[in-house]
Amino acid sequence: MAEKYDLLKALKDHFGFDSFKGNQQAIIEHVLMGRDTFVLMPTGGGKSLCYQLPALLMEGTAVIISPLIALMKNQVDAIRGYCREDGVAHFMNSSLNKNQLECVKEDIRRGITKMLYVAPESLTKEDNIAFLRSINISFYAIDEAHCISEWGHDFRPEYRRIRPIVSEIGEHPIVALTATATPKVQHDIQKNLGMEDVAIFKSSFNRPNLFYQIKPKNEGVDKDIVKFILSQPQKSGIIYCMSRNKVTTFAQVLQANGIKALPYHAGLDAKERAENQDAFIEERVDVIVATIAFGMGIDKPDVRYVIHYDMPKSIEGYYQETGRAGRDGGEGKCIAYYRPEDLDKLEKFMKNKPISEQEIGRQLLGETAAYAESSICRRIFLLNYFGEEYKSDNCGSCDNCLMPKKKVEAKELLLNVLEVVDTLKEKFKTDYVIKILRGETNADIESFGHENLECFGIGKEEDENLWNAVIRQALISGYLDKDVETYGVLKMTQAGKKFIKKPVSFKVVDENDEEEVDDDNASRSGGGSGGAVDPVLFSMMKDLRKKMGAQNKVPPYVIFQDSSLESMATFYPVTLDELQNIPGVGAGKAARYGAKFVELIKRHVEDNDIERPEDMRVRTLPNKSKMKVSIIQQIDRKVALDDVAMSHGLDFDALLSEIEAIVYSGTRINISYFIEEAMDEDHQEDIFQYFKESTTDSLDAAMDELGDDYTEEEIRLVRIKFLSELAN
Ligand code: ADP
Ligand code: MG
């Protein structure tokens, strides 16, 4: 059946993409053959397309089950953006009134609706089931299928009822999709959906464009985050906090620092929640501070950083939440603040839960701590957790690879640990083993008489942190094993026994010697556009996109994605036909949104005498704007301004004039890195304050007012910063 379709052409026609990502094509062929299909693919991998494209091609309507009502609208908007006909996708949930529901049903009966999104709750309503029985269904897609499993990070009991209800509506092929790939969750999903005999497509869970960093959490955390956000102007980011309270107060901290931020948590009323979410998606604010209630299914592709103020409860959660950064393949920085006490607190919260649940929870917390404290490549650790091997020992895009922690030889220490574990007959957990090593007693220890053991106190010189590090590293290196059945009892492995007989070098991180990853390294990694993008045009198109998003009541990225705008700002398409050569622009999008963009591009090309070769391949700029572009790019790369001037054969004054022209034309640039190097802090603040209060930006007026203590150059530099930050 799949041969019937030219899939590449369909992909281009409907979505404007030139090629499939990963194993999308194989998956889609399976779905088109009407076979049950199980898709395990990381966030941003392109799961939606795996059901959307077949849905568009097949007879009938695909029923898409997706967990959150609030987010369905986004997904439906996104599809409509690709098609000429709004009726192609609908959602059915409790937010629709009777009339709206009737319209939806009418479109489905008329056969123009290819995709119907439903919430699992709606599937339990008799009316809805009766209606679904009466229509022609192409297949079921179950998105975020990990909600079925208690071992997933977002268990939803309603998801357990999908299977019986599907049977009631009628058997059709099922496509299950998830970004959680632990073997346990995978097994639960298959079992619950009765998909024993299913084609499984598991992609690599590596997200090469994400940069991972764990920072120690101390009193400076607020300041640290504020500083980071201010260094990422105009970029979207998510800050996750554990409690609603923290969300509220930290959003206020950010606001007080002039950052456009809003809170989001389940305690806000529905209206405020929706408003804040929209403000973020529509880019009216840069930052959302949220509990984990925020984010599932939010398909904003250009989130540039995800910060965990508190460490999540599980590695699945961490992977999922960090996964919301850089879905478009561009830059995505993931920074988490860790201190062990936070996880202890989470463990205490579980006290009232059933024992089995506590044990699951505790084990997940332990893995999270191990990840946070580990000195091995974050990527290797994460992928290993998902049962995948990463074939390099330096990923070049995590803190541990870029800034390896100092390690110390711990051969003797490991021998001590192994001796204690052995003496205790492999019956005790980490905490207990450490107490014995350190020679500390408690009621437990006394009841066993363990304070009389020969090894009691053999490690009292070293502190608890170091012992923890040794044991964790021993677990990672395979000398010890944690027993799953008994939840964390330390067992000796074959390798451990061998080590006792014939010790080899064994290194652990010296925790007291932490260094910071410098920002240069951090920003060098991760995606990025690279090269020839015309920043002025790009920025104008971003504005246009925002405006059109507001007019059409859709998020900006539904209009065109960042990568498409970048490509437009490189190749300057000036007709709707040419526009379709741009990745991410199909016929539907071109027809719907293209006209204003090509108009803008055309005007820009004419105004700036940009030479536009027919084949839209090579881009040449007249010298004048070429220099501006290059100046902006150098500043983006934080090149010192004197060097920028020199490389263009300008003197410093002339360079400042060029930069002023750029800023006055509405482009934001950030020269703080240079000002901070070159100027006295008080001077910066005084001048900045002056412009804040002044009614004019005139240089002469400023020089008069500020007096001889400040040079003209200083005033001009700070004025550029001021204009860029506040006026643009
Ligand atoms: P997931 O649901 O797996 O997290 P999405 O379906 O939301 O991922 O897709 C992530 C991003 O990848 C979206 O911005 C989407 O437009 C883009 N995308 C999907 N398939 C392709 C493709 N074949 N070529 C280019 N971009 C794609
Ligand atoms: Mg998805």
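Refer to the structure above for everything that follows.
Below is a summary of the structure that appears in this document. The shown structure was predicted, so the numbers you read here are calculated from the model rather than taken from an experiment. (Residues numbered from 1 in each chain as written. Chains lettered and ligands numbered in written order. Predicted model: local features only at pLDDT ≥ 70, side-chain atom pairs only at ≥ 80, totals over all residues. Heavy atoms only, no water.)

**Re the overall build of the protein**
In step 1: The helix and strand inventory of the protein stands at 34 helices and 17 strands.
In step 2: Its C-alpha atoms give the protein a radius of gyration of 29 Å, near enough to 27 Å, the size a compact globule of 728 residues would have.
In step 3: A principal-axis box enclosing the C-alpha atoms of the protein has dimensions of 85 × 80 × 45 Å.
In step 4: Taking all 728 residues of the protein together, 54% fall into the buried category.
In step 5: Long-range contacts, defined as pairs at least 24 residues apart, comprise 73% of the intrachain contacts of the protein with a sequence gap of at least 6.
In step 6: In the form shown here, the protein has an accessible surface area of approximately 33,200 Å², with 48% of it arising from carbon and sulfur atoms.
In step 7: Within the protein, the 120 negative side-chain charges are centred at a point lying 6 Å from the centre of the 92 positive side-chain charges. (Helix = DSSP H or I, 4+ residues; strand = E, 2+ residues; numbered from the N terminus. Rg over C-alpha atoms; globule rule 2.2 N^0.38 Å. Buried < 20%, exposed > 50% of the residue type's maximum accessible area, 1.4 Å probe, protein only. Contact = heavy atoms within 4.5 Å. Areas by Shrake-Rupley, 256 points an atom, 1.4 Å probe, with all protein chains shown as cover. Lys, Arg positive; Asp, Glu negative; His and termini not counted. Charge placed at Lys NZ, Arg CZ, Asp CG, Glu CD.)

**Considerations on the pattern of salt bridges**
In step 1: Counted according to the given criterion, the structure contains 29 salt bridges.
In step 2: One salt bridge in this structure joins Glu282 and Arg284, with 2.7 Å as the shortest N-O distance.
In step 3: Two residues, Arg304 and Asp562, come together in a salt bridge whose shortest N-O distance is 3.7 Å. Linking Arg304 in strand β12 (residues 303-308) with Asp562 in helix α25 (residues 562-571), this pair joins segments that are 258 residues apart in sequence.
In step 4: We classify Arg304 as buried; its relative accessible area is 10%. (Salt bridge = Lys/Arg side-chain N within 4 Å of Asp/Glu carboxyl O.)

**Digging into the side chain of Asn416**
In step 1: Topologically, Asn416 is positioned in helix α17 (residues 411-423).
In step 2: Sequence-distant contacts of Asn416, that is, excluding residues within four places in its chain, are made with Leu437, Ile458 and Trp467.

**Looking at the packing of helix α23 (residues 535-552) against helix α27 (residues 587-607)**
In step 1: With their axes 11 Å apart at the nearest point, α23 and α27 run at an angle of 155° to one another. In terms of axis orientation, α23 runs roughly antiparallel to α27. Handedness of the α23/α27 crossing: right-handed. Contacts from Val536, Leu537, Met540, Met541, Leu544, Arg545, Met548, Gln551 and Asn552 in α23 reach Tyr593, Lys596, Phe597, Leu600, Ile601 and His604 in α27.
In step 2: Considered class by class, the residues forming the contact of α23 with α27 number 10 nonpolar, 3 polar and 2 charged. (Axes fitted to C-alpha atoms, helices over the stretch in contact; angles between N-to-C directions. Parallel < 35°, antiparallel > 145°, perpendicular 65-115°, else oblique. Left-handed = near helix turned anticlockwise from the far one by under 90°. Nonpolar A, V, L, I, M, F, W, Y, C, P; charged D, E, K, R; others polar.)

**Comments concerning helix α9 (residues 221-230)**
In step 1: Considered for burial, the residues of α9 that qualify are Val221, Ile225, Val226, Phe228 and Ile229. The buried side chains of α9 occupy one side of the element, clustering within an arc of 160° when seen end-on. Exposed residues on α9 whose side chains face more than 90 degrees from its buried face are Lys223 and Lys227.
In step 2: Close packing links the buried residues of α9 with β9 (236-240), α10 (244-256), β11 (287-290), β12 and β13 (332-338). (Arc of directions from axis to C-beta.)

**Thoughts on empty space enclosed by the protein**
In step 1: Following the criterion strictly, the structure yields 4 cavities of 30 Å³ or more and no others.
In step 2: Its boundaries defined by the atoms lining it, the largest cavity holds a volume of some 90 Å³.
In step 3: What lines the largest cavity is a set of 11 residues, among which Glu373, Ser374, Ser375, Ala469 and Gln473 lie closest to the centre.
In step 4: Taken together, the elements giving at least two residues each to the lining of the largest cavity come down to α14 (355-373), α20 (464-476) and β17 (507-509).
In step 5: Looking at which element gives the most residues to the lining of the largest cavity, the answer is α20, with 4 residues.
In step 6: Within the lining of the largest cavity, the residues separate by chemical class into 5 nonpolar, 3 polar and 3 charged. (1 Å grid on protein atoms, 1.4 Å probe; cavity = no way out; pocket = protein on both sides within 12 Å on 5 of 7 lines; lining within 4 Å. Points joined across faces, edges and corners; volume = space filled by probe spheres on them.)

**Topic: the environment of Phe506**
In step 1: Take Phe506: it is sitting in the loop between α21 (494-501) and β17.
In step 2: By relative accessible area, Phe506 is classed as buried at 4%.
In step 3: The spatial distance from the C-alpha of Phe506 to the C-alpha of Ala410 is 5.4 Å, given a sequence separation of 96 residues.
In step 4: Those residues in contact with Phe506 that sit more than four places away from it in its chain are Val408, Glu409, Ala410, Lys411, Leu414, Val470, Gln473, Ala474, Ser477, Tyr479 and Phe499.

**Focus: the sheet that holds β13**
In step 1: Within the open sheet, the 6 strands sit side by side as β8-β13-β12-β9-β11-β10. Their pairing is parallel. Only two strands of the sheet have a single partner each, and these edge strands are β8 (210-216) and β10 (261-264). Ignoring strand direction, the axes of neighbouring strands in this sheet form an average angle of 15°.
In step 2: Pairing of β9 with β12, which is carried by 5 bridges, proceeds in the parallel orientation. (Pairing = 2+ DSSP bridges.)

**A closer look at the sheet that holds strand β7 (residues 199-202)**
In step 1: Within the open sheet, the 7 strands sit side by side as β3-β4-β2-β5-β6-β1-β7. Their pairing is parallel. Lying at the two open borders of the sheet, with one neighbouring strand each, are β3 (89-92) and β7. Taken pair by pair, the neighbouring strands of this sheet meet at an average axis angle of 20°, ignoring direction.
In step 2: Sheet analysis places strand β1 (residues 37-40) next to β7, joined by 4 bridges and oriented parallel.

**Side note on the site of ligand 1**
In step 1: Taken together, 16 residues lie near ligand 1, and Gly44, Lys47, Ser48, Arg327 and Gln561 sit nearest.
In step 2: A distance of 3.1 Å separates an oxygen atom of ligand 1 from a polar side-chain atom of Lys21.
In step 3: Gly45 places a main-chain nitrogen or oxygen 3.5 Å from an oxygen atom of ligand 1.
In step 4: For ligand 1, whose free accessible area comes to 570 Å², the fraction covered by protein is 85%.
In step 5: Classifying every residue of the shell around ligand 1 by side-chain character gives 5 nonpolar, 8 polar and 3 charged. (Near = heavy atom within 4 Å. Polar contact = N/O pair within 3.5 Å; in protein donor to acceptor, adjacent residues only side chain to side chain.)

**Things to note about the state of the cysteines**
In step 1: Overall, the coordinates contain 0 disulfides when judged by the stated rule.
In step 2: Looking at the unpaired Cys83, the closest cysteine sulfur is the one in Cys50, lying at 17 Å.
In step 3: Left without a disulfide partner, Cys241 is nearest to the cysteine sulfur of Cys334, which lies 16 Å away.
In step 4: Judged by its relative accessible area of 4%, Cys241 falls in the buried class. (Disulfide = S-S within 2.5 Å.)

**Some details on the packing of aromatic side chains**
In step 1: Counting across every chain of the model gives 24 aromatic pairs.
In step 2: Aromatic pair Tyr479 and Phe506: ring centres 5.8 Å apart, planes at 70°, arrangement edge-to-face. Separated by 27 residues along the polypeptide, Tyr479 in the loop between α20 and β15 (480-482) and Phe506 in the loop between α21 and β17 bring together distant segments of the chain.
In step 3: Through pairs of rings, three or more aromatic residues link up here, namely Phe205, Tyr319, Tyr385 and Phe386.
In step 4: We note Arg378 situated over the ring of Tyr371; from NZ or CZ to the ring centre the distance is 5.4 Å. (Phe/Tyr/Trp six-rings, centres within 6.5 Å; stacked < 30°, edge-to-face > 60°. Lys NZ or Arg CZ within 6 Å of the ring centre and 35° of its normal.)

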